[in-house]
Amino acid sequence: MLFRNLVIVMCFLLITCSKQDKAEFAESSEASIPAHIRELENLRVFPDFEPLQSVQFSKQHKFGEIYPQLLSPVRGFGPKVAIDGMGNVFRAEKAEKTILVFDSEGMMKGRVGREGKGPGEFQTITAIDIYDEQLIVYDSNLTRINIFSTQSLELLKTLTIDSKTWDIEEAKMLFPLTILGIGKEEFLTAVSFEKNGDSYNGFYLMDIDGRIISKKITENKSTETHTGDTGRGHRATIRVPYSTRGELDVTQDGKIYQVDTGDFLIKVFNLTGELERSIYYPFEKDPLEEQEVLDRFHPNIHRVLNTAVYPETWPALEHFFVDDKNRIWVSTIVDDKEVHEWHILENSGKLLASFTWPSDQEIITSQNGLMYTEEEDSEAGANVVVSYKIEFGEKQIL
(Lines give C-alpha, C1' and ligand atoms only; values in the text may rest on other atoms or scores of the structure.)
Protein backbone atom coordinates (compact mmCIF):
# COMPACT_ATOMS: atom_id res chain seq x y z
CA MET A 1 0.00 0.00 0.00
CA LEU A 2 2.84 2.33 0.90
CA PHE A 3 4.58 1.51 -2.38
CA ARG A 4 1.40 2.20 -4.37
CA ASN A 5 0.94 5.60 -2.69
CA LEU A 6 4.58 6.43 -3.35
CA VAL A 7 4.17 5.64 -7.06
CA ILE A 8 1.05 7.84 -7.25
CA VAL A 9 2.87 10.74 -5.60
CA MET A 10 5.85 10.37 -7.95
CA CYS A 11 3.60 10.28 -11.00
CA PHE A 12 1.76 13.38 -9.78
CA LEU A 13 5.07 15.22 -9.31
CA LEU A 14 6.29 14.17 -12.74
CA ILE A 15 3.09 15.34 -14.42
CA THR A 16 3.12 18.62 -12.46
CA CYS A 17 6.78 19.27 -13.30
CA SER A 18 6.21 18.33 -16.94
CA LYS A 19 3.32 20.80 -17.23
CA GLN A 20 5.36 23.48 -15.48
CA ASP A 21 8.40 22.88 -17.72
CA LYS A 22 6.21 23.03 -20.83
CA ALA A 23 4.57 26.24 -19.64
CA GLU A 24 7.93 27.86 -18.87
CA PHE A 25 9.30 26.70 -22.22
CA ALA A 26 6.25 27.99 -24.09
CA GLU A 27 6.56 31.37 -22.34
CA SER A 28 10.28 31.74 -23.05
CA SER A 29 9.89 30.37 -26.57
CA GLU A 30 7.09 32.81 -27.41
CA ALA A 31 9.16 35.72 -26.11
CA SER A 32 12.02 34.77 -28.45
CA ILE A 33 9.80 34.77 -31.55
CA PRO A 34 9.87 38.10 -33.44
CA ALA A 35 6.62 40.05 -33.15
CA HIS A 36 5.90 40.01 -36.91
CA ILE A 37 6.00 36.21 -36.79
CA ARG A 38 4.22 35.75 -33.47
CA GLU A 39 1.21 37.67 -34.82
CA LEU A 40 0.66 35.25 -37.72
CA GLU A 41 -2.44 33.07 -37.63
CA ASN A 42 -2.17 29.27 -37.88
CA LEU A 43 1.49 29.48 -36.89
CA ARG A 44 3.28 26.29 -35.89
CA VAL A 45 6.61 26.71 -34.08
CA PHE A 46 9.21 23.94 -33.91
CA PRO A 47 11.63 24.65 -31.05
CA ASP A 48 14.64 22.59 -32.14
CA PHE A 49 16.33 20.78 -35.02
CA GLU A 50 15.86 17.12 -34.15
CA PRO A 51 15.50 15.12 -37.40
CA LEU A 52 13.32 12.04 -37.48
CA GLN A 53 15.56 10.19 -39.95
CA SER A 54 18.99 10.22 -41.54
CA VAL A 55 19.52 10.75 -45.29
CA GLN A 56 22.20 9.73 -47.76
CA PHE A 57 22.81 10.48 -51.44
CA SER A 58 24.47 8.45 -54.18
CA LYS A 59 25.41 10.02 -57.52
CA GLN A 60 23.48 8.66 -60.51
CA HIS A 61 23.63 10.49 -63.86
CA LYS A 62 24.78 13.68 -65.61
CA PHE A 63 22.59 15.65 -68.00
CA GLY A 64 24.86 17.50 -70.43
CA GLU A 65 27.24 20.42 -70.11
CA ILE A 66 26.13 23.95 -69.28
CA TYR A 67 28.47 26.60 -70.69
CA PRO A 68 28.48 30.25 -69.60
CA GLN A 69 25.98 32.40 -71.45
CA LEU A 70 27.82 35.03 -73.46
CA LEU A 71 24.71 37.13 -73.89
CA SER A 72 23.37 40.21 -72.15
CA PRO A 73 20.97 39.45 -69.27
CA VAL A 74 17.26 39.39 -70.02
CA ARG A 75 14.38 40.85 -68.07
CA GLY A 76 12.59 38.39 -65.87
CA PHE A 77 13.43 35.31 -63.85
CA GLY A 78 12.39 31.70 -63.47
CA PRO A 79 13.49 28.05 -63.40
CA LYS A 80 15.88 26.85 -66.11
CA VAL A 81 15.48 23.11 -65.41
CA ALA A 82 12.28 21.03 -65.19
CA ILE A 83 11.76 17.29 -64.59
CA ASP A 84 8.62 15.36 -65.54
CA GLY A 85 7.05 12.34 -63.84
CA MET A 86 9.06 9.91 -65.99
CA GLY A 87 12.38 11.41 -64.91
CA ASN A 88 13.01 13.19 -68.21
CA VAL A 89 15.09 16.33 -67.71
CA PHE A 90 14.30 19.49 -69.70
CA ARG A 91 17.17 21.98 -69.58
CA ALA A 92 17.21 25.44 -71.13
CA GLU A 93 20.22 26.05 -73.36
CA LYS A 94 20.02 29.82 -73.37
CA ALA A 95 22.95 30.49 -75.70
CA GLU A 96 21.49 28.22 -78.41
CA LYS A 97 17.91 29.29 -77.57
CA THR A 98 16.60 25.76 -77.37
CA ILE A 99 15.65 23.25 -74.67
CA LEU A 100 17.63 20.01 -74.41
CA VAL A 101 15.72 16.90 -73.38
CA PHE A 102 17.39 13.98 -71.58
CA ASP A 103 15.95 10.68 -70.42
CA SER A 104 16.21 9.57 -66.80
CA GLU A 105 19.66 8.06 -67.37
CA GLY A 106 21.18 11.16 -68.96
CA MET A 107 20.87 10.17 -72.63
CA MET A 108 19.82 13.04 -74.88
CA LYS A 109 16.39 12.46 -76.45
CA GLY A 110 15.99 15.61 -78.50
CA ARG A 111 15.38 19.35 -78.48
CA VAL A 112 12.36 21.55 -77.97
CA GLY A 113 12.12 24.77 -79.96
CA ARG A 114 14.79 26.82 -81.69
CA GLU A 115 15.84 30.41 -82.25
CA GLY A 116 13.27 32.49 -84.10
CA LYS A 117 10.05 34.44 -83.77
CA GLY A 118 7.57 31.92 -85.12
CA PRO A 119 5.34 29.53 -83.14
CA GLY A 120 7.45 27.27 -80.93
CA GLU A 121 10.55 29.44 -81.38
CA PHE A 122 12.41 31.62 -78.88
CA GLN A 123 14.31 34.86 -78.68
CA THR A 124 15.21 33.99 -75.10
CA ILE A 125 14.21 31.35 -72.54
CA THR A 126 13.31 33.12 -69.30
CA ALA A 127 11.50 30.37 -67.40
CA ILE A 128 10.40 26.78 -67.95
CA ASP A 129 7.91 24.73 -65.95
CA ILE A 130 5.98 21.46 -66.24
CA TYR A 131 2.33 20.95 -65.41
CA ASP A 132 0.41 17.77 -66.23
CA GLU A 133 2.60 16.59 -69.15
CA GLN A 134 2.87 20.11 -70.54
CA LEU A 135 6.17 21.97 -70.86
CA ILE A 136 5.56 25.70 -70.37
CA VAL A 137 8.24 28.01 -71.78
CA TYR A 138 8.19 31.77 -71.18
CA ASP A 139 10.07 34.07 -73.59
CA SER A 140 10.38 37.55 -72.06
CA ASN A 141 11.78 39.08 -75.26
CA LEU A 142 8.63 38.16 -77.18
CA THR A 143 6.38 38.30 -74.07
CA ARG A 144 5.07 34.93 -75.12
CA ILE A 145 4.38 31.43 -73.78
CA ASN A 146 4.93 28.30 -75.86
CA ILE A 147 3.37 25.09 -74.51
CA PHE A 148 4.74 21.71 -75.65
CA SER A 149 3.84 18.10 -74.94
CA THR A 150 6.40 16.48 -72.64
CA GLN A 151 5.75 13.14 -74.38
CA SER A 152 5.81 13.97 -78.10
CA LEU A 153 7.73 17.29 -77.71
CA GLU A 154 5.28 18.81 -80.19
CA LEU A 155 4.00 22.37 -79.87
CA LEU A 156 0.48 22.48 -78.38
CA LYS A 157 -0.22 26.20 -78.09
CA THR A 158 1.39 29.65 -78.38
CA LEU A 159 0.12 32.54 -76.25
CA THR A 160 1.25 36.13 -76.76
CA ILE A 161 0.66 38.22 -73.63
CA ASP A 162 -0.66 41.76 -74.06
CA SER A 163 0.28 43.02 -70.61
CA LYS A 164 -0.56 46.63 -71.56
CA THR A 165 -4.20 45.74 -70.93
CA TRP A 166 -3.51 44.67 -67.34
CA ASP A 167 -5.06 46.79 -64.62
CA ILE A 168 -2.37 46.71 -61.91
CA GLU A 169 -1.93 50.18 -60.46
CA GLU A 170 1.11 49.46 -58.28
CA ALA A 171 3.18 47.96 -61.10
CA LYS A 172 6.36 49.87 -61.89
CA MET A 173 6.15 48.39 -65.37
CA LEU A 174 3.35 46.28 -66.87
CA PHE A 175 5.60 43.41 -67.83
CA PRO A 176 5.41 39.73 -66.81
CA LEU A 177 8.67 38.76 -65.09
CA THR A 178 8.02 35.03 -64.88
CA ILE A 179 5.43 32.35 -65.64
CA LEU A 180 4.67 29.26 -63.53
CA GLY A 181 2.06 26.61 -64.30
CA ILE A 182 -0.95 26.47 -61.96
CA GLY A 183 -3.41 24.55 -64.11
CA LYS A 184 -3.90 23.63 -67.75
CA GLU A 185 -5.31 27.07 -68.43
CA GLU A 186 -3.95 29.19 -65.58
CA PHE A 187 -0.54 30.57 -64.71
CA LEU A 188 1.12 32.47 -61.90
CA THR A 189 2.91 35.59 -63.13
CA ALA A 190 4.73 38.49 -61.47
CA VAL A 191 5.24 42.22 -62.00
CA SER A 192 7.67 44.53 -60.22
CA PHE A 193 6.73 47.42 -57.94
CA GLU A 194 8.35 49.55 -55.24
CA LYS A 195 7.49 49.81 -51.56
CA ASN A 196 9.31 51.86 -48.93
CA GLY A 197 12.20 52.34 -51.34
CA ASP A 198 12.69 48.60 -51.97
CA SER A 199 11.84 46.55 -55.06
CA TYR A 200 9.21 43.81 -54.85
CA ASN A 201 7.53 41.30 -57.14
CA GLY A 202 3.75 40.98 -56.92
CA PHE A 203 2.20 37.67 -58.00
CA TYR A 204 -1.14 37.32 -59.84
CA LEU A 205 -3.17 34.63 -61.59
CA MET A 206 -3.31 34.86 -65.40
CA ASP A 207 -5.63 32.87 -67.66
CA ILE A 208 -4.88 31.15 -70.99
CA ASP A 209 -5.83 34.36 -72.85
CA GLY A 210 -3.23 36.41 -70.99
CA ARG A 211 -5.69 38.26 -68.72
CA ILE A 212 -5.09 38.91 -65.02
CA ILE A 213 -7.92 37.17 -63.14
CA SER A 214 -7.03 37.76 -59.49
CA LYS A 215 -6.03 40.37 -57.01
CA LYS A 216 -2.43 40.25 -55.83
CA ILE A 217 -1.96 36.88 -54.16
CA THR A 218 1.36 37.60 -52.45
CA GLU A 219 4.59 39.55 -52.89
CA ASN A 220 8.32 38.88 -52.71
CA LYS A 221 11.07 41.31 -51.81
CA SER A 222 13.79 41.48 -54.47
CA THR A 223 17.50 41.20 -53.71
CA GLU A 224 18.91 44.56 -52.62
CA THR A 225 21.59 46.37 -54.60
CA HIS A 226 24.37 48.78 -53.67
CA THR A 227 25.78 51.54 -55.86
CA GLY A 228 29.31 52.80 -55.30
CA ASP A 229 32.32 54.46 -56.89
CA THR A 230 34.61 52.18 -58.92
CA GLY A 231 37.50 54.63 -58.63
CA ARG A 232 37.62 54.99 -62.41
CA GLY A 233 35.32 57.91 -62.84
CA HIS A 234 32.02 56.07 -62.86
CA ARG A 235 29.69 54.21 -60.50
CA ALA A 236 28.55 50.60 -60.50
CA THR A 237 25.56 48.80 -59.02
CA ILE A 238 25.90 45.26 -57.66
CA ARG A 239 23.60 42.84 -55.90
CA VAL A 240 24.78 42.28 -52.36
CA PRO A 241 24.89 38.69 -51.03
CA TYR A 242 23.77 39.65 -47.53
CA SER A 243 20.42 40.98 -48.71
CA THR A 244 17.25 39.26 -47.58
CA ARG A 245 14.85 38.40 -50.39
CA GLY A 246 11.65 36.51 -51.08
CA GLU A 247 11.42 33.11 -52.76
CA LEU A 248 8.31 31.26 -53.93
CA ASP A 249 7.38 27.79 -55.13
CA VAL A 250 4.11 26.33 -56.39
CA THR A 251 2.86 22.75 -55.99
CA GLN A 252 0.71 20.74 -58.40
CA ASP A 253 -2.28 21.07 -56.07
CA GLY A 254 -2.20 24.86 -56.33
CA LYS A 255 -0.55 25.77 -53.01
CA ILE A 256 1.94 28.63 -52.94
CA TYR A 257 4.90 28.27 -50.56
CA GLN A 258 6.88 31.37 -49.73
CA VAL A 259 9.88 32.37 -47.63
CA ASP A 260 11.70 35.57 -46.81
CA THR A 261 15.32 34.54 -46.36
CA GLY A 262 15.67 36.72 -43.27
CA ASP A 263 13.88 34.12 -41.13
CA PHE A 264 13.34 30.35 -41.10
CA LEU A 265 9.67 30.99 -41.80
CA ILE A 266 7.56 29.26 -44.45
CA LYS A 267 4.14 30.60 -45.40
CA VAL A 268 1.56 28.59 -47.33
CA PHE A 269 -1.09 30.45 -49.37
CA ASN A 270 -4.00 29.28 -51.47
CA LEU A 271 -4.80 30.78 -54.86
CA THR A 272 -7.09 33.43 -53.36
CA GLY A 273 -4.16 34.82 -51.39
CA GLU A 274 -5.36 33.47 -48.04
CA LEU A 275 -2.54 32.55 -45.65
CA GLU A 276 -3.48 29.01 -44.66
CA ARG A 277 -0.61 28.27 -42.27
CA SER A 278 2.97 29.16 -41.33
CA ILE A 279 5.94 27.08 -40.17
CA TYR A 280 8.68 28.64 -38.04
CA TYR A 281 11.99 27.37 -36.68
CA PRO A 282 13.95 29.66 -34.32
CA PHE A 283 17.36 29.91 -35.99
CA GLU A 284 20.50 31.65 -34.76
CA LYS A 285 21.83 33.62 -37.72
CA ASP A 286 25.53 33.59 -38.49
CA PRO A 287 27.39 36.85 -37.67
CA LEU A 288 28.50 38.69 -40.80
CA GLU A 289 32.10 39.74 -41.33
CA GLU A 290 32.97 42.31 -44.00
CA GLN A 291 35.77 40.17 -45.44
CA GLU A 292 33.33 37.32 -46.07
CA VAL A 293 31.42 39.66 -48.39
CA LEU A 294 34.54 40.99 -50.14
CA ASP A 295 35.76 37.45 -50.78
CA ARG A 296 32.77 36.91 -53.07
CA PHE A 297 33.82 39.68 -55.46
CA HIS A 298 36.81 40.46 -57.68
CA PRO A 299 39.19 42.94 -55.99
CA ASN A 300 38.25 45.54 -58.62
CA ILE A 301 34.75 45.61 -57.13
CA HIS A 302 35.85 46.12 -53.52
CA ARG A 303 35.91 49.92 -53.88
CA VAL A 304 32.22 49.85 -54.83
CA LEU A 305 31.48 48.37 -51.40
CA ASN A 306 33.45 50.99 -49.46
CA THR A 307 30.25 52.86 -48.58
CA ALA A 308 28.12 49.76 -47.96
CA VAL A 309 26.38 49.44 -44.60
CA TYR A 310 26.65 45.81 -43.52
CA PRO A 311 24.03 44.09 -41.35
CA GLU A 312 25.14 42.33 -38.19
CA THR A 313 24.20 38.86 -39.48
CA TRP A 314 23.72 36.91 -42.65
CA PRO A 315 20.16 35.97 -43.63
CA ALA A 316 18.86 32.74 -42.12
CA LEU A 317 18.15 31.02 -45.45
CA GLU A 318 19.81 30.72 -48.84
CA HIS A 319 17.30 28.73 -50.87
CA PHE A 320 14.20 26.55 -50.65
CA PHE A 321 11.80 24.49 -52.79
CA VAL A 322 8.97 21.98 -52.46
CA ASP A 323 9.44 18.51 -54.01
CA ASP A 324 6.90 16.22 -55.70
CA LYS A 325 6.03 14.65 -52.32
CA ASN A 326 5.22 18.11 -50.93
CA ARG A 327 8.26 17.94 -48.67
CA ILE A 328 9.92 21.30 -48.05
CA TRP A 329 13.68 21.62 -48.63
CA VAL A 330 15.38 24.57 -46.92
CA SER A 331 19.07 25.54 -46.90
CA THR A 332 20.49 27.65 -44.06
CA ILE A 333 23.61 29.83 -44.03
CA VAL A 334 26.15 28.62 -41.47
CA ASP A 335 29.61 29.70 -40.31
CA ASP A 336 31.42 27.53 -42.88
CA LYS A 337 30.64 29.37 -46.13
CA GLU A 338 31.82 26.42 -48.23
CA VAL A 339 28.69 24.49 -47.27
CA HIS A 340 25.00 25.03 -46.65
CA GLU A 341 23.07 23.08 -44.06
CA TRP A 342 19.94 21.63 -45.66
CA HIS A 343 16.79 20.58 -43.85
CA ILE A 344 14.05 18.41 -45.35
CA LEU A 345 10.70 19.02 -43.70
CA GLU A 346 7.54 17.00 -43.86
CA ASN A 347 4.64 19.03 -45.19
CA SER A 348 3.44 19.49 -41.61
CA GLY A 349 6.74 21.19 -40.82
CA LYS A 350 8.32 18.38 -38.82
CA LEU A 351 12.04 17.98 -39.53
CA LEU A 352 12.54 14.77 -41.48
CA ALA A 353 16.31 14.95 -42.11
CA SER A 354 19.27 17.34 -42.19
CA PHE A 355 22.52 17.27 -44.16
CA THR A 356 25.36 19.53 -45.31
CA TRP A 357 26.10 20.12 -48.98
CA PRO A 358 28.80 22.13 -50.82
CA SER A 359 27.56 25.68 -51.39
CA ASP A 360 28.98 25.75 -54.93
CA GLN A 361 26.79 22.76 -55.89
CA GLU A 362 23.32 24.26 -56.19
CA ILE A 363 20.50 21.87 -55.32
CA ILE A 364 17.79 22.60 -57.90
CA THR A 365 14.93 20.30 -57.01
CA SER A 366 13.89 16.80 -55.95
CA GLN A 367 11.62 14.58 -58.05
CA ASN A 368 10.94 10.86 -58.40
CA GLY A 369 13.14 9.93 -55.43
CA LEU A 370 16.12 11.84 -56.84
CA MET A 371 17.84 15.10 -55.97
CA TYR A 372 19.10 17.28 -58.84
CA THR A 373 22.02 19.69 -58.62
CA GLU A 374 23.93 22.04 -60.89
CA GLU A 375 27.65 21.72 -60.26
CA GLU A 376 31.02 22.15 -61.92
CA ASP A 377 32.49 19.25 -63.89
CA SER A 378 36.26 19.79 -64.02
CA GLU A 379 36.70 17.26 -66.83
CA ALA A 380 34.12 18.93 -69.06
CA GLY A 381 35.22 22.43 -68.08
CA ALA A 382 31.58 23.36 -67.59
CA ASN A 383 28.67 22.99 -65.21
CA VAL A 384 26.41 19.96 -65.41
CA VAL A 385 23.07 18.88 -63.97
CA VAL A 386 23.57 15.78 -61.80
CA SER A 387 21.03 13.44 -60.20
CA TYR A 388 21.48 11.72 -56.84
CA LYS A 389 19.44 8.85 -55.39
CA ILE A 390 17.90 9.76 -52.01
CA GLU A 391 17.92 7.13 -49.28
CA PHE A 392 16.28 7.82 -45.93
CA GLY A 393 17.22 5.68 -42.95
CA GLU A 394 16.71 5.40 -39.24
CA LYS A 395 18.30 8.12 -37.18
CA GLN A 396 21.36 6.86 -35.31
CA ILE A 397 21.29 7.68 -31.60
CA LEU A 398 24.80 8.18 -30.23
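The rules behind these values
- For every chain, the first residue of the written sequence is number 1, and numbering continues from 1 along that sequence.
- The predicted origin of the model limits local features to residues at a pLDDT of at least 70 and limits the giving and counting of side-chain atom pairs to 80 or more, whereas totals for whole chains, interfaces and linings rest on all residues.
- Neither water nor hydrogens contribute to the side-chain values; these are computed over all heavy atoms in the structure.
- By definition, any uninterrupted DSSP run of H or I lasting at least four residues is a helix, any uninterrupted run of E lasting at least two residues is a strand, and each is numbered from the N terminus.
- Each residue's exposure class comes from its accessible area (1.4 Å probe, protein chains only) as a fraction of the maximum for that residue type: buried when under 20%, exposed when over 50%, partly exposed otherwise.
- Residue contacts are counted whenever heavy atoms from the two residues lie within 4.5 Å of one another.
- All accessible areas in this document rest on Shrake-Rupley with a 1.4 Å probe, and a residue is counted as covered only by the protein chains that are shown.
- For two strands to count as paired, DSSP must find a minimum of two bridges between them.
- Comment: axis = line fitted to C-alpha atoms, over the contacting stretch for helices; angle = value between 0 and 180 degrees taken between N-to-C directions.
- Each reported salt bridge corresponds to a side-chain nitrogen of Lys or Arg within 4 Å of a carboxyl oxygen of Asp or Glu.
- Here the aromatic set is Phe, Tyr and Trp, taking the six-membered ring for Trp, and pairing holds for ring centres within 6.5 Å; pairs whose planes are under 30 degrees apart are stacked, those over 60 apart are edge-to-face, and all others are tilted.
- In this scheme, the term charge over a ring applies when either NZ of a lysine or CZ of an arginine sits within 6 Å of the ring centre and within 35 degrees of the ring normal.
- Exposure above 30% relative accessible area and the absence of a salt bridge qualify a residue for a patch, where like charges join within 9 Å and nonpolar side chains (Val, Leu, Ile, Met, Phe, Trp, Tyr) within 5 Å.
- When charges are tallied, Lys and Arg are placed among the positive residues and Asp and Glu among the negative ones, while His and the ends of the chain are skipped.
- Here the site of a charge means NZ on Lys, CZ on Arg, CG on Asp, or CD on Glu.
- What pLDDT reports is the predictor's confidence in each residue, on a scale of 0 through 100.

## Thoughts on the overall build of the protein chain
Now for step 1: Secondary structure assignment for the protein chain yields three helices and 29 strands.
Now for step 2: In the protein chain, which comprises 398 residues, the share counted as buried stands at 46%.
Now for step 3: Taking as baseline every contact in the protein chain between residues at least 6 positions apart, the subset at least 24 positions apart corresponds to 47%.
Now for step 4: Of the accessible surface of the protein chain, which amounts to about 21300 Å², a share of 48% is contributed by carbon and sulfur atoms.

## Examining the side chain of Ser331
Now for step 1: Mapped onto the secondary structure, Ser331 falls in strand E24 (residues 328-333).
Now for step 2: In this structure, Ser331 is in contact with Ala316, Leu317, Glu318, His319, His340, Glu341 and Trp342, ignoring residues within four places of it in sequence.

## A word on the sheet that holds strand E15 (residues 198-207)
One key point about sheets: their strands pair by backbone hydrogen bonds, in either a parallel or an antiparallel sense.
Now for step 1: Pairing is antiparallel across the open sheet formed by four strands, whose spatial order is E13-E14-E15-E16. Of all the strands in the sheet, just strand E13 (179-183) and strand E16 (218-221) have a single pairing partner and so form its edges. The sheet shows a mean angle of 35° between the axes of neighbouring strands, taken without regard to direction.
Now for step 2: Relative to E16, E15 is paired through four bridges, and the arrangement is antiparallel. Residue pairing across strands places Asn201 opposite Asn220, the latter belonging to E16.

## Section: the pattern of salt bridges
Now for step 1: Enumeration according to the criterion identifies 21 salt bridges in this entry.
Now for step 2: The network of salt bridges with shared partners includes Glu170, Lys195, Lys216 and Glu219.

## Concerning the sheet that holds E24
Now for step 1: Overall, antiparallel pairing links the four strands, which are arranged E23-E24-E25-E26 in an open sheet. Each edge of the open sheet is held by one strand with a lone partner, namely strand E23 (317-322) and strand E26 (351-358). Sheet twist, expressed as the average angle between the axes of neighbouring strands with direction ignored, equals 20°.
Now for step 2: Where E24 and strand E25 (residues 339-345) come together, six bridges link them in antiparallel fashion. The residue bridging Thr332 from the neighbouring strand is Glu341, located in E25.

## Details of the pairing of strand E21 (residues 265-269)
Consecutive residues of a regular strand have side chains that alternate between opposite faces of the sheet.
Now for step 1: Of all five residues that make up E21, four are buried, and the element is covered over most of its length.
Now for step 2: Alignment of strand E20 (residues 256-260) against E21, held across four bridges, turns out to be antiparallel. Bridge pairing in E21 links Ile256 to Phe269.

## Some thoughts on unusual backbone geometry
Now for step 1: Positive phi outside glycine occurs at Asp132, with the angle close to 50°.
Now for step 2: Mapped onto the elements of the fold, Asp132 is located in the loop between strand E9 (127-131) and strand E10 (134-139).
Now for step 3: Positive phi is not limited to glycine here, since Asn196 has a value of about 55°.
Now for step 4: Examined against the element boundaries, Asn196 turns out to sit in the loop between strand E14 (186-195) and E15.

## Considering the packing of aromatic side chains
Now for step 1: For the structure shown, the criterion picks out 19 aromatic pairs.
Now for step 2: Three or more aromatic residues joined by ring pairs form one cluster here, namely Phe57, Phe321, Trp329, Trp342, Phe355, Trp357 and Tyr388.
Now for step 3: In this structure, Lys195 packs its charged tip against the face of Tyr200, placed 4.6 Å from the ring centre.

## Here's the deal with a negative patch on the surface
Now for step 1: Together, Glu289, Asp335, Asp336, Glu338, Asp360 and Glu376 give the surface a local cluster of negative charge.
Now for step 2: For Glu289, the location among the structural elements is in the loop between strand E22 (275-280) and helix H3 (290-294).

## So, the pairing of E9
Now for step 1: Where burial is concerned, most of E9 is hidden: five out of the five residues are buried.
Now for step 2: The two faces of E9 match: Ala127, Asp129 and Tyr131 on one face and Ile128 and Ile130 on the other face are all buried.
Now for step 3: Two strands pair when backbone bridges link them, and E9 and E10 are joined in this way by five bridges, in the antiparallel orientation. In the strand pairing of E10, Ala127 is matched with Tyr138.
Now for step 4: Between the antiparallel neighbours E9 and E10 lie two residues, among them Asp132 with a positive phi of about 50°.

## Overview of the confidence of the model for the protein chain
Now for step 1: Of all residues in the protein chain, 89% attain a pLDDT of 70 or more, and the chain-wide mean is 88.
Now for step 2: Under a pLDDT of 50 for its full length, residues 1-28 has, in the predicted model, one contact with residues more than four places off or in other chains.

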